[in-house]
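Summary of the model geometry
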Amino acid sequence: MATSTSFLEERLDAGALPLAVGDILVIFLLVTVGVIQHNGVSYLSTDPVGWVLTAVPFLVAWALVAPLLGAYSPGAAESAKSAVPLGLRSWIVAAILGAVIRWTPLFEGGADPIFIGVMLVLGSIALGVWRTVYFRLV
């Protein structure tokens, strides 16, 4: 008897949980570095809500996009050769969606094209390095 699986069941693998945790930390760290770069380190303690709200659009976008595009699929948890490209294609879409969310009236940040480019490039590098290092360590 064949069992049917949902789309998300095919896209999510429990073995990819460490990747998911690391990805979220990397994205939050990327945003934190940007916040410090633009506002100084004191901003982290003087406006922690602003700091977190800077990250929210990108974390929400990542949570929506990454599972759908296979960042945590069974293949992603097997090797850097599969995990890095799956993470990068997810980040490209998530970064653009995060910028769009940030552009809405819910957030003050806006979405300047240079900002989007920086997020695309630095996020791709950060996630690619993280995922590569992860598989060298496990």
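Residues numbered from 1 in each chain as written. Predicted model: local features only at pLDDT ≥ 70, side-chain atom pairs only at ≥ 80, totals over all residues. Heavy atoms only, no water.

**Here's the deal with the overall build of the protein chain**
We apply this condition: Only runs of H or I of at least four residues qualify as helices and only runs of E of at least two qualify as strands under DSSP, and these elements are numbered from the N terminus. All radius of gyration figures rest on C-alpha atoms, and the globule criterion is 2.2 Å times the number of residues raised to 0.38. Only protein chains enter the area calculation, which uses a 1.4 Å probe; residues under 20% of their type maximum are buried, those over 50% are exposed, and those in between are partly exposed. Any two residues having at least one pair of non-hydrogen atoms within 4.5 Å are treated as being in contact. Residues scored as positive are Lys and Arg, those scored as negative are Asp and Glu, and His as well as the terminal groups of each chain are ignored. Charged side chains are reduced to one point each, which is NZ for Lys, CZ for Arg, CG for Asp and CD for Glu.
Looking only at helices and strands, one finds six helices and zero strands in the protein chain. For the protein chain, the succession of helices and strands along the chain, N to C, is α-α-α-α-α-α. In summary, the protein chain has a C-alpha radius of gyration of 16 Å against a globular reference of 14 Å for 138 residues, a match within 12%. Summarising its shape, the C-alpha atoms of the protein chain cover approximately 55 × 35 × 25 Å along the three principal directions. Put simply, the protein chain has 138 residues, and 36% of those count as buried. Across the protein chain, contacts joining residues at least 24 apart in sequence account for 76% of those joining residues at least 6 apart. Where the 6 positive side-chain charges of the protein chain centre and where its 8 negative ones centre are 11 Å apart.

**Some details on the environment of P74**
With respect to the helices and strands, P74 occurs in the loop between α4 (48-68) and α5 (80-103). Judged by its relative accessible area of 38%, P74 is partly exposed. Excluding residues within four positions of it along the chain, P74 makes contact with E10 and D13.

**Description of the packing of helix α2 (residues 17-39) against α4**
Filter applied, for reference: Each axis is a line fitted through C-alpha atoms, taken for helices only over the stretch in contact, and angles between the N-to-C directions span 0 to 180 degrees. Handedness of each helix crossing follows the sense of rotation of the near helix against the far helix: counterclockwise by less than a right angle gives left-handed, clockwise gives right-handed.
For the pair α2 and α4, interaxial distance at closest approach is 9 Å and the crossing angle is 145°. Relative to α4, α2 is oriented so that their crossing is right-handed. In contact with D23, I24, I27, F28, V31, T32 and V35 of α2, α4 contributes W51, V52, T54, A55, F58, L59 and W62.

**Considerations on the layout of surface pockets**
To keep things clear, this is the line we draw: Buried and open spaces are told apart on a 1 Å grid over the protein atoms alone, a cavity being a set of points where a 1.4 Å probe fits but cannot get out and a pocket being an open set with protein on both sides within 12 Å along at least five of seven lines. Residues with an atom within 4 Å of a point are the lining residues. Grid points are joined across faces, edges and corners, and a volume is the space filled by probe spheres set on the points. Under this grouping Gly is polar, as are all residues other than the nonpolar Ala, Val, Leu, Ile, Met, Phe, Trp, Tyr, Cys and Pro and the charged Asp, Glu, Lys and Arg.
Quantified by volume, the largest pocket comes out at close to 610 Å³. Around the largest pocket, the lining comprises 23 residues; the ones closest to its centre are G34, V35, T54, R102 and F115. Every element with two or more residues in the lining of the largest pocket is listed here: α2, α4 and α6 (113-137). A total of eight residues in the lining of the largest pocket trace back to one element, the largest contributor, which is α2. Across the lining of the largest pocket, the residue classes break down as 13 nonpolar, seven polar and three charged.

**Some thoughts on α4**
So the rule is basically this: One less than the number of residues in a helix, times 1.5 Å, gives the span that helix is expected to have. The term bend refers to the angle at a residue between two fitted axes, each drawn through seven residues, those ending there and those starting there.
Counted at 1.5 Å a residue, the expected span for α4 with its 21 residues is 30 Å, and the 31 Å between its end C-alpha atoms agrees. Bending of α4 peaks at approximately 35° at the position of V56, with proline P57 no more than four residues after it. Those residues of α4 not exposed but buried are G50, W51, T54, A55, P57, F58, A61, W62, V65, A66 and P67. On its buried face, α4 is in contact with α1 (7-11), α2, α3 (43-46), α5 and α6. A positive backbone phi angle near 90° is found at G70, which sits one or two residues after α4.

**Description of the packing of aromatic side chains**
In this description, a pair of aromatic rings is defined by centroid distance and the angle of the planes. The line we're drawing: In this analysis, rings of Phe, Tyr and Trp, with Trp reduced to its six-membered ring, are considered paired at centre separations within 6.5 Å, and the interplanar angle assigns stacked below 30 degrees, edge-to-face beyond 60, and tilted for intermediate values.
Scanning the model with the defined rule gives seven aromatic pairs in all. Between the aromatic rings of W62 and W91, the centroid separation amounts to 6.2 Å while the plane-to-plane angle is 45°, which identifies the pairing as tilted. Of this pair, W62 sits in helix α4 while W91 sits in helix α5, placing them 29 residues apart in sequence. Just as W62 is buried, W91 falls in that class too.

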